[in-house]
Every structure is written in C-alpha cells, then in structure tokens.
Amino acid sequence: MKLAIETYAIREKVGDEQAIRHIKAAGFDGIDYSFYYTPDDSPITGAGYLEHAKAVRACLDEVGLACHQAHAPFRFVWGETMDESEPHYLEIVRAIEAAAVLGAEQIVIHSIRPPKEQDTVDYNLKWYRSFEPYCKKYGIRVAVENLFMRDKKRGCFKGRFATPETLCEIVRLLDSPYFVACIDVGHAALTGMEPEDFIAGMERGVLKALHIQDTDYRDDRHVLPYMADLNWDGIMSALRGIGYDGELTFEIFHFLERVPTALLPETLRYAAAVGRHLIGKFEE
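Being a predicted model, the structure only gives us computed values, none of them experimental. (Residues numbered from 1 in each chain as written. Predicted model: local features only at pLDDT ≥ 70, side-chain atom pairs only at ≥ 80, totals over all residues. Heavy atoms only, no water.)

Colleague: How do you make sense of the environment of tyrosine 37 when you look at a structure like this?
Modeller: By the secondary structure assignment, tyrosine 37 is in the loop between strand E2 (30-34) and helix H2 (49-63). Filtering out sequence-adjacent residues up to four positions away, tyrosine 37 remains in contact with Tyr8 and Phe74. (Helix = DSSP H or I, 4+ residues; strand = E, 2+ residues; numbered from the N terminus. Contact = heavy atoms within 4.5 Å.)

Structure below.
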C-alpha cells in the first residue's frame, strides 16, 4: 500500500513546489492534489491552469513523487448550469484535465446538496454523468465521496451517500468504468456509522480512494490519526478484509493548518511515520 497526502494546507504555507519537496522528503509516496479553496484568478483553475499543471508535473517528476489522486473544487451548487458556461462547472472541468496532466487516475468530485424534498440520487446521477465525456477524453475516473450536511437547527449531521449501500448504489447506477467510490472515514463517523463497518459493507472493487483523517464524532476535524477517537485497528483490518488496493491518503488539513511553517518538515515526517504504522497494520 502506498502512502499519500493532500496538498492544500501545505501549499497554502509554502507554495506547490516547496510542498512537493517537503512531502517527498518526509517519506510519502504520492500526493492527492487539491484543486479546491482557490480564488477565481488562481493559476490552479484559472486561465493558466494547464501551464501550472505542467509545472507541477515537472516538479513531481524531478523529485520522484506520484500523483494518483486529486480533489476537484466544490463551489457548484444545486440549480447552476451543468456546462462550461457556468464558472463553477468550468473550474471542475479544468481540474479534471489538469489532474490528468499530473498523472492522476481519479479525481474526487463532491455530489450536490439538494434543497428540501428534492431527489438527491436523480440529480446527482445527471451531475456525475455530465463529466463522463471529460473522463473519456482525459483518461481519468471520478470518485464519489460519502459526505455530510450540517443541521444547524438540531445540532447534528445528516449524510449524503452515507451508507455503503447508498454509496455502492450510485456507483452501480452510473454503470461506467469511469466512476468509483471514495470513503472519508471521518464523514462516516459523523453521519452514524463506524468507519470500519462502512468499509466492510462495501462491494469489492468499488472502493478505490480514501480520505484518512481522525475525528471526535462531533465535527469534521481532519486531524492526524491517533489524535482523536477512531478505531484504527478496525479501519485497517476492514480495508484488508475487502481487498482494498488503493492508496492510504491523508486528508489532515486542519491539523497542518495549526503547524508553524518552520515545523512543517518535521511534522510531515511524523505524519508519514503514522501512515507507515497504519500500513503495517494493513499488511500484517
């Protein structure tokens, strides 16, 4: 099993090139490139997106780091136009193409949150199918993630594709090799399932991506494993049990946001050590 980490919080501190060098020096095998949380004029999804992607790929190749996975922007909302005339849609299309330049096999694209009483599945089937032509063109697949919705009135969280049955169902209904599943273990915990049970309930071959983070079951913490309350022995055992063959990908940006830039190299080395410890449990 390979070890990867998302780039957002590291890039925010030191820029893409230095982020890649830090990640490689820390001992990670690859990155999950973050296309989200960028301003409109960012070179990441703005007018110069392809040149930027080529520069990032050159840096990855130079240091010997892989990018097998990426994460699309998620500013598109229900009711916007599903074509390139819509800026929030266009930035996702650009992210798909740029991710392919980076070498990514898949890109996580969030489902769309519905208004009350709307059919989440039908709308999101249309949403995801709109990207299939781009997947075919650029040779990349889309990963559908289990998500949550915050119910501020009741002080709780609701899920979106928040059971193994519903997550597998939407991938099955999409009925295409260009769609797979991604489990965020923290989201599973927030929306009512132990992550190890969610993983164990997945159909073999559907789960191809992970977002690994720890949480206290009360909010979407995105901290390093062993800093909160998830059962990491159970999670790694469940992954082994379903024959998971993808990467172990850390999405720990809230943990990294708090780290002073000067401590970032040491912090990433520790994070990589935690990742290797988890992989050891998977492979034992």
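Colleague: Even after reading the chapter, I still don't get the layout of surface pockets, so can you show me in this structure?
Modeller: In this approach, a probe sized like a water molecule rolls over the atoms, and the result shows the empty space that is left. Taken as a whole, the largest pocket spans an internal volume of roughly 600 Å³. Taken together, 30 residues line the largest pocket, and the ones lying closest to its centre are Tyr37, Phe74, His110, Leu147 and Phe148. Those elements that provide at least two residues to the lining of the largest pocket are strand E6 (147-151) and helix H10 (253-257). Here the element with the most residues in the lining of the largest pocket is E6; it accounts for 4 residues. Among the residues forming the lining of the largest pocket, the class breakdown is 15 nonpolar, 6 polar and 9 charged. (1 Å grid on protein atoms, 1.4 Å probe; cavity = no way out; pocket = protein on both sides within 12 Å on 5 of 7 lines; lining within 4 Å. Points joined across faces, edges and corners; volume = space filled by probe spheres on them. Nonpolar A, V, L, I, M, F, W, Y, C, P; charged D, E, K, R; others polar.)

Colleague: Any chance you could explain the pattern of salt bridges here in plain terms?
Modeller: A side chain of one charge can pair with a side chain of the opposite charge if their charged atoms are brought near each other. Following the criterion strictly, the structure yields 12 salt bridges and no others. Across the salt bridge formed by arginine 21 and glutamate 17, the nearest N and O atoms sit 3.1 Å from each other. In this pair, arginine 21 and glutamate 17 both sit in helix H1 (residues 8-26), 4 residues apart, roughly one turn of the helix. Since its relative accessible area comes to 26%, arginine 21 is described here as partly exposed. Taking the shortest distance from any N to any O, the salt bridge between glutamate 62 and arginine 21 comes out at 3.1 Å. (Salt bridge = Lys/Arg side-chain N within 4 Å of Asp/Glu carboxyl O. Buried < 20%, exposed > 50% of the residue type's maximum accessible area, 1.4 Å probe, protein only.)

Colleague: Is there a simple way to explain the packing of aromatic side chains in this structure?
Modeller: Geometry of an aromatic ring pair is reported as the spacing of the ring centres plus the angle between the planes. With the rule as written, the count across this model stands at 16 aromatic pairs. For the pair phenylalanine 28 and phenylalanine 250, a centre-to-centre distance of 6.4 Å together with 75 degrees between the ring planes defines the contact as edge-to-face. Highlighted residues: phenylalanine 28 in the loop between H1 and E2 and phenylalanine 250 in strand E10 (residues 248-250), separated in sequence by 222 residues. For the residue pair phenylalanine 28 and phenylalanine 250, the accessibility class agrees, reading buried in each case. (Phe/Tyr/Trp six-rings, centres within 6.5 Å; stacked < 30°, edge-to-face > 60°.)

Colleague: Hey, could you run me through helix H3 (residues 87-102) in this one?
Modeller: Since the α-helix advances by 3.6 residues per turn, residues separated by three or four positions end up pointing in the same direction. The first and last C-alpha atoms of H3 sit 22 Å apart over 16 residues, in line with the 22 Å expected at 1.5 Å per residue. For H3, every residue scored as buried is listed here: Tyr89, Glu91, Ile92, Val93, Ala95, Ile96, Glu97, Ala98, Ala99 and Leu102. In this structure, the buried side of H3 is in contact with E2, H2, strand E3 (66-71), strand E4 (106-108), helix H4 (120-129) and helix H5 (132-138). Of the residues one or two after H3, glycine 103 is the one with positive phi, at around 100 degrees. (Expected span 1.5 Å × (residues − 1).)

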